[in-house]
Structures are given as structure tokens and as C-alpha cells.
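In case you want the letters, here they are:
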Amino acid sequence: MTEKDYFRYWGKAKPEHDGAEPYHLLPFHCLDVAAVAYLLLGGANPAPDSSQRPYWARLFEAFLEPLGREASLRFLCFLVACHDLGKFSHLFQAQVPEIYRALQEPTGPTRHRRGPRHDALGLELWIELEPIHLRPLFRDPTWKQAWIGPLDALAVAVTGHHGRPPKTPKSSHTLFSPEDRRAAAQWVADLTKLFPFELPWPASAKGDLDQRFKQLSFYLAGFTMVCDWLGSNQRFFAYHTEGANHPIEDYFHTVAVPGAKRALAETWLVPPPTAPAKTFAALFPSLSEPTPLQARIETALNLDTEGPNLIIIEDLTGSGKTEAALMATQKLMAKGRAAGFFMGLPTMATADQMFDRMEKTFEQFYIPGDRQPALILAHGSAALNPAFSNRLGLEAVPAERHLDGEAAPASALCSSWLADNRKKCLLGAIGVGTVDQAMLAVMPVKHGAMRLFGLVNKVLIIDEVHAYDDYMRHIIENLIAFHTRAGGSTILLSATLPGRLRQSFVKSFYRSLGYPPEDIDLVYGEKPPFPLMTHVRASALTADHATWETPEAQVQHVNAAFVHDEEEVLAQIEAWVAEGKCVAWIRNTVDQATESFERLANRAGIDSNRLHLFHARFCGADRERIQKDLLARFGKEADYRGRRGQVVVATQVLEQSLDVDFDRVVSDLAPIDALVQRLGRQQRHPRTEAGEWLDPANHGRRRDERGSKHFLVLAPAWREDPEKDWYKDVLGNAAWVYPNTATNWLTQKALRQKPTFALPQDSRDLIEAVYGAVDLPELLRDIDEQHRAENLGNRSKAILRTLSWEQDYESSHERGVLDREELTTRLGENPIRLRLAEWDGQRFSPLASASNDPGETELLRWHKSQVSVRFGPVTGSPGWQGPQERAYLALCDALPDRNKGVALIPMVPVGEGEWEGRALTGDGERPLFYSREKGLALPDADPETN
């Protein structure tokens, strides 16, 4: 039998020093990738019941209707097998001259001439081959006259498997030789025999078909990326250099498919079977009894209707919203509506805390067996943690040549993705991370399509959904729309959600399903109660509203009072400490928190050993140490004797992350939703007057015996008609953190009018008094209108920076930055990561001290030596000279990220637990200070929250 021309092309190559097979034939690599697709789509185990087949297959079949199950499978495998079509070009082949010469014996020069990337070459070759080889696959012969190929949107998706849509070359005249074109044509023809299909759509349906294929292209792109990622791994797909020994049908079934089975088994990409419905006690055996909210979800949430759901849960901090959301998620998973979930949180600290909680629960969602579910943490500071990077396996893969102008070849990309949980987490069965990681799925960033595909068949849970500005909120609404269109359900959680935001989320859900905008307002009532669960379904334009009674023992009675001078706060804290109270003061900026900490340390009535500072400007090791210490001192089960006389000065990280409980809380004036969150850290768990925890397992749900909450707020003196700087006069640079001072004024007004209130009974009134339709003094009205105009502008920016469902994978990316993830998820927050390094005159070492953990590596210590800051002045590392330059280059060689994306800051000790260093700023090099007690300080820094 004459060997096919396509066996003269290589697809993967190893570095020169590797002694094994030097290359992998291109057809075999394409079949390896197609085999992964074949298994993910259920090809090896066709289930007669459609509900038992992989959700990915069902999703794709819905887009391809009426192609049918078997034809859809073959069509998709064919498309995926064409992903590297561009490697049928002498330009690509000549990148490794010795292999090119060995396979093709070219008569001309073999030196590599730089040309388009192989993904762009693949799209160009598809466009050439499509009229002759692909349009005949349509039953309707009139497709031959179509000006634009009907399958082009799908071709862009599969050829764009390196994270972005390819750019079509300006001219194809010299890109392919006659031999290249002949080999590619043979390959496409033989693929249609290996995966036979016929396309049933008539040419008259082109408009509808174009729209379907555009929407399919987003998910097909991510699917192809996953398949190529796994199909490029040599642990499962050994290189083969002889084509004559393996006809493609034989290779596919006897080599590629078994390799794909091993890859899927070891990566945990396919989750185990989901568990049947469970009671609350079975899902959370460590909890004594459900709260009223949790009981309502367990007994009354109706999820029998097919299709996506949107569930919005509003209840107080500490009411058990997280467990309620997980209860609803387990119900959906038990009904086969999801195979996992992703929980998005506002900060890295909240994600860390949630990950710790999920480690105790996540296995309850699946049937125990050989396959384990993958639980992944994803945020900027999780990337180098080995406890996470090992969860999907494949840490070490054999190397392949770095080719084609790519940042890394597919196998190296595999390794980096497994060390970068921000991308990987959406592929795991259960992901916990910052909401930003899910938002990137609908932004035109590199590999965003893989994130979007990773959310398919998962429940999307977003906590603290009120906490985001208009820019982020539009991206989240678009994320909900994409997720809904793919059949996914969403659960939103909040303690302080204004009614207009609830309406906005519901409208986004219904608009994505094609309901007319003018009809959507019918789902809203007048003033909803609080607490509240809103449940909307795809099947009808109606909303189910449910509320529940809060037991009297859990009603929070609050007495709010204002002070107008920091000295009054210091004196009051000193008095409370004298009574044995533990106190938290939550300030609006890091600098204010540090200054107040220093002033309290100088007060005669404050024991400096019982005074603590907590903010986000500590390096990872110190932040972890402080968090553990605060939980030990102020957590639910903390010894009441150790709580007495303790004081914590903190920023917003305390309100957003830790499950801590103080006798008294002081807060700077902030918007009402932030104050309610901060109030949630006061008397959070029921205790005796002395502070001993009343464990519900032993005492039932008893009322806290410390009496009403006394909530002290530092604010300007009240003015009915305030001047321009009324807020800044007392709270200084906090005006940069909360720029809409009208919201702060309305918050102060609401608490003055109702200084004594009960939660949850008065929650809705307090929120709407600030965020509803309200009257403002003229000056504040101007400020509020300016802020609203800025919000509209920010929302417009978000529209331009998010994908559009009406467009396809290619055109939606034309507006974005593709080479790096420069499309920020948070406007005005462009943090720089500082990697603090102790300099001993010869080498750099991590500032984080070595611990007693035997699993801690120096790489992890470098990770724990990082701190993210939003300092305006800091722009990077100082200039390197002499020994420091040599040490820096050596460190770059030793670290996997080569110090890219971070600024290495050399530090020298200046005292016990204190260092001084230098950083590059817009004004040249400037000193920078770090203290284990106070964190990072830079003179004249911009105000910084957290």
C-alpha cells in the first residue's frame, strides 16, 4: 500500500538532547486529540438514555440539531482532528530542519523562514479546502454557491486552540507548496471516511445556522483547547514516527483511544457520578441543625422543572447562606442538572477561607469510588501552592520543541496550567476562587474560552454579589447570561442587596433566554420582605418569592452611635478593654489602620501584647500567620479567657473574610452595606456575658447573653447641607476609597433617623434608604450625578471588554487584548506583585522564614514572600548592578516564572522583624519598609483599601 502523503509531516518534536523518538507524526497527534474529544463526548460508551450521556455531548447536540447523536459525535471529532491543519505547511515543517529533511527530502533550502503561526495557516488552508472538500458534505447542493463558508466560525474555533482566534494571513501564495495542499486534502478526505457524516441543513436555513454556529464556536474553542492540552501529553501518547505501520483507523482505535482513556482517568477532568439527594444532616454532619434559611432550602425549594435556574438568597451575615447554596447545588446535581460547581468570592482571603470549609464537605457531592472529584483553589496567590497544583495530576510532562512563536508548546502549556489554578480551577469538578476567575470566561483574554467551557454543567455560585461596582456587575451579568444559555444554573448570595440590583440580575437571566425586555418587569413585586429567596426558571416569566421567620433568639438588636474625633474612639476602646471586652476597629484605609494601631500601642490602658493589626499589605506568610492567630483568639470555639482585653485594628479584610466574633466593633463611616457587613463581626456567635461560646449542640439556639450590639461609628459631625469636603475633613483619604460621599451621607442620615434597629426586620429599610430613590442636598446631588455618570461610563467600558453572545468566538475577540490577560476585571485596580527578597550580599532568599512543614519548598516560600499592592508610585524592581544583578539572573533561572509579572524587592534587616529596601517609582528609586508587625509601608503611598 502506498503511504499517504500526510505521513511525511511531523506534528510534535522533542528537544535535540532527548534520546527517545524525536518526533510524532502530524496525523497521529491530530488523532490523539480527536480521541480525547471522542471520549469526552461519550463515544466509547454510548448510553441509550440521553440524560446519562456527557453533558458536553448534549450541549453540542442541541446546537447541531437535527444532526443527531452519532453524526454530531463524528462531525465534532472531524473538526477537532483538523485543529492542526496549519502544520501542513513547509513553513512550519522547516522549523526543525533535520526532521523536515528526513521526512520530505526537500530539494530547495530547508532553513526556516519566519511566517504566520500554524493556527493562522490552518484557518487559511481550511478556507482553501472548504469549497471543494467540505461543502459536498451538505445534502443541499446549493451550498456550493455560498459566498462565505458556513463552517468558517467552527474552523476559527478549532484552529484557535492556542488560546485565541487566529489571524488570517494577507496572502496564501507562498504559504503552502503543491505537496502541502495535496497532503492536507488527503488528510481531510480520509478524516471524512474515519468520521463519516452528512450535514442536513438546507441553504435556506443559513441565517439560523450561522447564529447557531457562532454560539457553538465559544464552547467548541474551549473544548478543543482541553482536548489538545491532554492530547499533547507524552505520558499518555507516545511519539510514533512510522506511518505505514498504523493506518489511521487502526491507530485511532488501538493507540489513540486507549491513551485518551488513561489521560482522562489520571487527570480527574471527568468527575465521578453525583450522589443522590441528601438531607441537610447528611450533607453537613458537623452542623447540629439547619438554620431557618437552610431548612427552607432543604424542604421547600422546587427544582423539578427542566432548564436553568437563578436563585438569589438574601439573609444576614451568619445565617448560613453558604450551606444553603450548597444544599441547593446538591439538589441540582442529584437531579443530573450539574456535575460540579464553582464558587466565586470577592477576595483572595474569602476564597482561602471557603476552600478550607469545602475540603471538609466536597466529597459528599459524589458517590465514593475509584474516581475522585477535583477540588481546586484559584486566585493570584494560589498559583504556586503545591497542594493545589497536584490536584489534576500531570505535573511533569516530557518536553517538546518550543516552536512557531508560541509562548510555550502544548505540553509545556499543560504544566504551566496545572501550576496556575486561576485557569485550571474551572476544569475541576469543584472550584473555589475569586469571582474574577469566572469573569475572565466572558472577556476576550487568552484561554478565556477554556474557562467558559470549564463552567459548562456546573452551578455558578457568587457570594457577596452586592459588593461589586457597575463595571464588574455588567461582566457578572454577562457571565450569568452565557452560563444560562449553556443550560447552567446560578445562585447569588447577599446580606445587603438593593432591589435595583436584584431586578438587574433577574433581567439578565431572562434576556439571555430571549424574553422580550418589556415583559420582564412583570416578575417584580412592590417591597420584598427580608430575608428573601427569589427563584426564577427558564420555563416561565414568573418568580417564586419565599421568606422565613428569624427566631427571636437570633434577632440582632443594635444601638448605633456616632463619634466625630479619633481621640473619642481611642478613649472608648480603652474603656471597653478595662471592662474585659474584645474590640475590633475597622478602618477604611491601610495607612489609617496602621496609624491607629500605633496610637493605641501608646495608650496606657492598652497591652501591646494584646493589640493586633490586620490588612492586605502583609506578605503571604505573615498574613497566613495573622489569620490563624485571629481565628484562634476570636473564632467560634476560641477560649473566652483569651479574648478578654484584646484589640484588633483592621481594614475591610476583616469584614470580608474571617469568621471572627468581637464583643464590640467600631467602624469608620462607610456605605450602609459595608457597615452591615462589619456589624456582622460583632456578637457573631452566641456567647455568655463572659464570652464563653454557647455551642448549639449542647445549648440549642440560645440568645447571645452579651446584650444589644453597641455599634460605634466614626463620622463627621452631622450637617443637613454638607460642604464639599465634609467627609474628608474627618476621614481623610478614605474619600478616595468611597468617592461617592452622597452614599456615606445617606448612610449617616439613615442611622441617625433610626439609631436603634433590629436585624433582619429593618435590613430592607436601611438598604433602600441609601440605594433607593432618595432626595439629596444640592451639592451631594451633583456629586451623586457625577458618580452615576462615571458608573455609566464604566459600564460602557465593560460592554466593550466582554464577549457578545450575538457574535462569534472570532469577532468577539477583535475588541480585546489577546497576548496577555490585560483586560482587568476591576477598574482602577492594577496591583503590582512585590516579591520581597532578603539580600545577604551574595544571594537572594525569600523573606518568608522557613517553617516546620516538611512539605514546604523554597518555591512556596517565595510565593509566601509576595504582597500585592496598588501603590501609585511603585512601578517595579530597582536597577540591578554588580553582585545583585548576577544573583537576580540566577534566581530568574531557578524560578518557574522567571520573576515575570513581579517586582523583586531586595531587603536588608534593620531590626527585629523589620527590613528596608528600595523600589522603582515614577520619581526614581525610593525606600520601602516592611515589618512583620505592621506590614509594608511606602512613604506618600496612595490611599489603599484592604
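Residues numbered from 1 in each chain as written. Predicted model: local features only at pLDDT ≥ 70, side-chain atom pairs only at ≥ 80, totals over all residues. Heavy atoms only, no water.

1. Examining the overall build of the protein chain
Here is the rule we go by: Each helix corresponds to a stretch of at least 4 residues labelled H or I by DSSP, and each strand to a stretch of at least 2 residues labelled E; elements are numbered beginning at the N terminus. Only protein chains enter the calculation, and the probe is 1.4 Å; a residue is then buried if its accessible area is under 20% of its type maximum, exposed if over 50%, and partly exposed in between. Here a residue-residue contact requires only that any non-hydrogen atoms of the pair lie within 4.5 Å. Values of accessible area rely on a 1.4 Å probe in the Shrake-Rupley scheme; residue burial ignores everything except the protein chains shown.
Regarding its fold elements, the protein chain presents 37 helices and 25 strands. Out of the 946 residues belonging to the protein chain, those deemed buried represent 61%. Taking the contacts inside the protein chain whose residues are at least 6 apart along the sequence as the reference set, 76% of them involve residues at least 24 apart. For the protein chain, the exposed area adds up to about 36900 Å²; of that, 49% sits on carbon and sulfur atoms.

2. What about the sheet that holds strand β8 (residues 490–494)?
Convention followed: Should DSSP find at least two bridges between two strands, the strands are taken to pair. As a rule, the C-alpha atoms of each element are fitted with a line to give its axis, helices using only the stretch in contact, and angles between N-to-C directions run from 0 to 180 degrees.
Taken together, eight strands build an open sheet; the order of strands is β5-β6-β4-β7-β8-β3-β9-β10 and the sheet is mixed. If you trace the sheet from one side to the other, it starts and ends with β5 (375–378) and β10 (540–546), each paired once. The sheet shows a mean angle of 15° between the axes of neighbouring strands, taken without regard to direction. Sheet topology places strand β9 (residues 532–537) next to β10; five bridges connect them, and they run antiparallel. From the neighbouring strand, H535 faces β10, where its bridge partner is D544. In this fold helix α14 (residues 348–358) packs onto β4 (340–345), β5 and β6 (430–434), with an angle of close to 155° to the strand it touches most, β6.

3. Quick notes on the nonpolar core
When a protein is soluble and globular, its nonpolar side chains tend to lie buried together. How we decide: Within this scheme, the nonpolar core is defined by two criteria: the residues are buried Ala, Val, Leu, Ile, Met, Phe, Trp, Tyr or Cys, and they are joined through side-chain atoms within 4.5 Å.
Counting 143 residues, the largest nonpolar core has F78, F88, Y219, F223 and F252 as its most contacted members. Take this core: its biggest share by element is 13 residues, from helix α9 (residues 206–231). Excluding its chain neighbours within four sequence positions, the residues that come into contact with F78 are W126, L134, V188, L191, T192, F195 and F197. V563, F618, L712 and L766 belong to the second-largest nonpolar core, a separate cluster that totals 88 residues.

4. Looking at a negative patch on the surface
Here is the rule: The residues that make up patches have over 30% relative accessible area and no salt bridge, and they are joined within 9 Å when like-charged or within 5 Å when they are Val, Leu, Ile, Met, Phe, Trp or Tyr. Note on definitions: salt bridges are taken to be side-chain nitrogens of Lys or Arg within 4 Å of carboxyl oxygens of Asp or Glu. Just so you know, the count uses Lys and Arg for positive and Asp and Glu for negative, and it drops His and the chain ends. The atoms used to mark charge sites are NZ of Lys, CZ of Arg, CG of Asp and CD of Glu.
Where like charges cluster on the molecular surface, the negative patch consists of E720, D721, E723, D725, D729, E778, D782 and E785. Per-element accounting of the negative patch gives the leading share, three residues, to helix α34 (residues 778–800). Along the chain, E785 falls in helix α34. With a relative accessible area of 47%, E785 lands in the partly exposed category.

5. Overview of the environment of R801
With respect to the element layout, R801 can be found in the loop between α34 and α35 (809–812). On the accessibility criterion, R801 (26% relative accessible area) is partly exposed. Along the sequence, R801 and L823 sit 22 residues apart, while their C-alpha atoms lie 7.1 Å from each other. In this structure, R801 is in contact with V442, M443, P444, Y471, L823, T824 and L827, ignoring residues within four places of it in sequence.

6. A word on the sheet that holds strand β11 (residues 556–563)
The seven strands are arranged β13-β14-β12-β15-β16-β11-β17 in an open sheet whose pairing can be described as mixed. Either end of the sheet is taken by a strand with one partner, and the two such strands are β13 (611–614) and β17 (756–759). When strand polarity is set aside, the average angle formed by the axes of neighbouring strands in this sheet is 25°. As paired elements, strand β12 (residues 583–586) and strand β15 (residues 664–668) share four bridges and run parallel to each other. The residue of β15 that forms the bridge with I586 is S667. Contacting β11, β12, β15, β16 (709–714) and β17, helix α28 (residues 672–679) runs over the sheet at an angle of about 160° to β15.

7. Things to note about the environment of Q627
Looking at the element boundaries, Q627 is found in helix α25 (residues 620–634). Once the C-alpha coordinates of Q627 and L654 are considered, the two residues, 27 residues apart in sequence, prove to be 9.5 Å apart. The residues contacting Q627, other than those within four sequence positions of it, are A349, Q353, F614 and L658.

8. Things to note about the pattern of salt bridges
All told, the structure shown has 48 salt bridges when counted by the stated rule. The shortest N-O distance in the salt bridge between R641 and D639 comes to 3.0 Å. Classification of R641 by relative accessible area gives exposed; the value is 55%. A salt bridge links D663 to R643; the nearest nitrogen and oxygen atoms lie 3.1 Å apart. You can see D663 sitting in the loop between α27 (652–656) and β15 and its partner R643 sitting in helix α26 (residues 640–643), a full 20 residues away along the chain. Of the two residues, D663 and R643, both sit in the buried class.

9. Concerning α34
Where we set the bar: Between the first and last residue of a helix there are one fewer steps than residues, each counted as 1.5 Å, and that sum is the expected span.
If you check α34, its first and last C-alpha atoms are 33 Å apart, about what 23 residues at 1.5 Å a residue would give, namely 33 Å. Of the positions making up α34, those classed as buried are L780, I783, D784, H787, N791 and A798. Among the structural elements, α20 (470–485) and α32 (741–753) are those in contact with the buried residues of α34.

10. Re the side chain of T825
Put simply, the rule is: Whenever two N or O atoms come within 3.5 Å, that pair is a polar contact, provided that in protein one can donate a hydrogen and the other can accept it, and provided that, for residues adjacent in sequence, both atoms are side-chain atoms.
Along the polypeptide, T825 turns up in the loop between α35 and β18 (832–839). Within the local environment of T825, its side chain forms a polar contact with the side chain of D436, the two groups lying 2.5 Å apart. When sequence neighbours within four positions are dropped, the list of residues in contact with T825 reads D436, M439, L440, M443, Y471 and M472.

11. Section: the confidence of the model for the protein chain
Applied cut-off: The pLDDT value tells you how sure the predictor is about a given residue, anywhere from 0 up to 100.
For the protein chain, per-residue confidence averages 85 on the pLDDT scale, and residues scoring 70 or more make up 87% of the total. Predicted confidence is poor over residues 383–387, with pLDDT under 50, and the contacts of this stretch with residues over four places away or in other chains come to ten contacts. In the predicted structure, residues 411–421 sits below a pLDDT of 50 and forms 36 contacts with residues beyond four places in sequence or in another chain.

12. Examining helix α1 (residues 26–40)
Residues lying three or four places apart along an α-helix face the same way, a consequence of the helix completing one turn every 3.6 residues. Its 15 residues give α1 an end-to-end C-alpha distance of 22 Å, which sits within 8% of 21 Å, the value for a rise of 1.5 Å per residue. In terms of burial, α1 is a largely internal element, 15 of the 15 residues being buried. At the exit of α1 stands G42, carrying a positive phi of roughly 80°.

13. Considering the packing of aromatic side chains
As a reminder, the rule being used: Between 30 and 60 degrees the pair is tilted, below 30 it is stacked and above 60 it is edge-to-face, where a pair is any two Phe, Tyr or Trp rings, Trp via its six-membered ring, whose centres lie within 6.5 Å.
Counted according to the given criterion, the structure contains 31 aromatic pairs. Centre to centre, the rings of F280 and F284 are 5.0 Å apart; their planes meet at 50°, and the pair counts as tilted. As far as burial versus exposure is concerned, F280 and F284 are alike and both buried. Members of the aromatic cluster, each reached through a chain of ring pairs, are Y6, F7, F28, W187 and Y251.

14. Quick look at the packing of helix α7 (residues 152–159) against α9
Describing two packed helices takes the angle between their axes plus the distance from one axis to the other. Note the cut-off: When describing relative orientation, an angle under 35 degrees is termed roughly parallel and one over 145 degrees roughly antiparallel, while 65 to 115 degrees is termed roughly perpendicular and anything else oblique. If you view the pair so one helix is near and one far, a crossing is left-handed when the near helix is turned anticlockwise from the far one by less than a right angle, and right-handed when it is turned clockwise. Note that Gly is not counted as nonpolar here; it falls among the polar residues with everything else outside the nonpolar set of Ala, Val, Leu, Ile, Met, Phe, Trp, Tyr, Cys and Pro and the charged set of Asp, Glu, Lys and Arg.
Interaxial distance between α7 and α9 falls to 8 Å at its minimum, and their mutual angle equals 20°. Accordingly, the angle class assigned to the pair α7 and α9 is roughly parallel. Of the two elements, α7 crosses α9, and the hand of that crossing is right-handed. Taken together, the residues of α9 that come into contact with α7 (itself represented by A153, L154, A157 and V158) are F213, L216, S217, L220, A221 and T224. Looking at the contact of α7 with α9, its residues break down into eight nonpolar, two polar and no charged.

15. Topic: the pairing of strand β22 (residues 902–911)
Where β18 and β22 come together, six bridges link them in parallel fashion. In the sheet register, L836 faces β22, and the bridge partner there is I905. Across four bridges, the pairing between β22 and strand β23 (residues 914–921) is antiparallel. Counterpart to G911 in the pairing with β23 is E914. Two successive antiparallel strands, β22 and β23, enclose a turn made up of two residues, where G913 displays a positive phi of approximately 70°.

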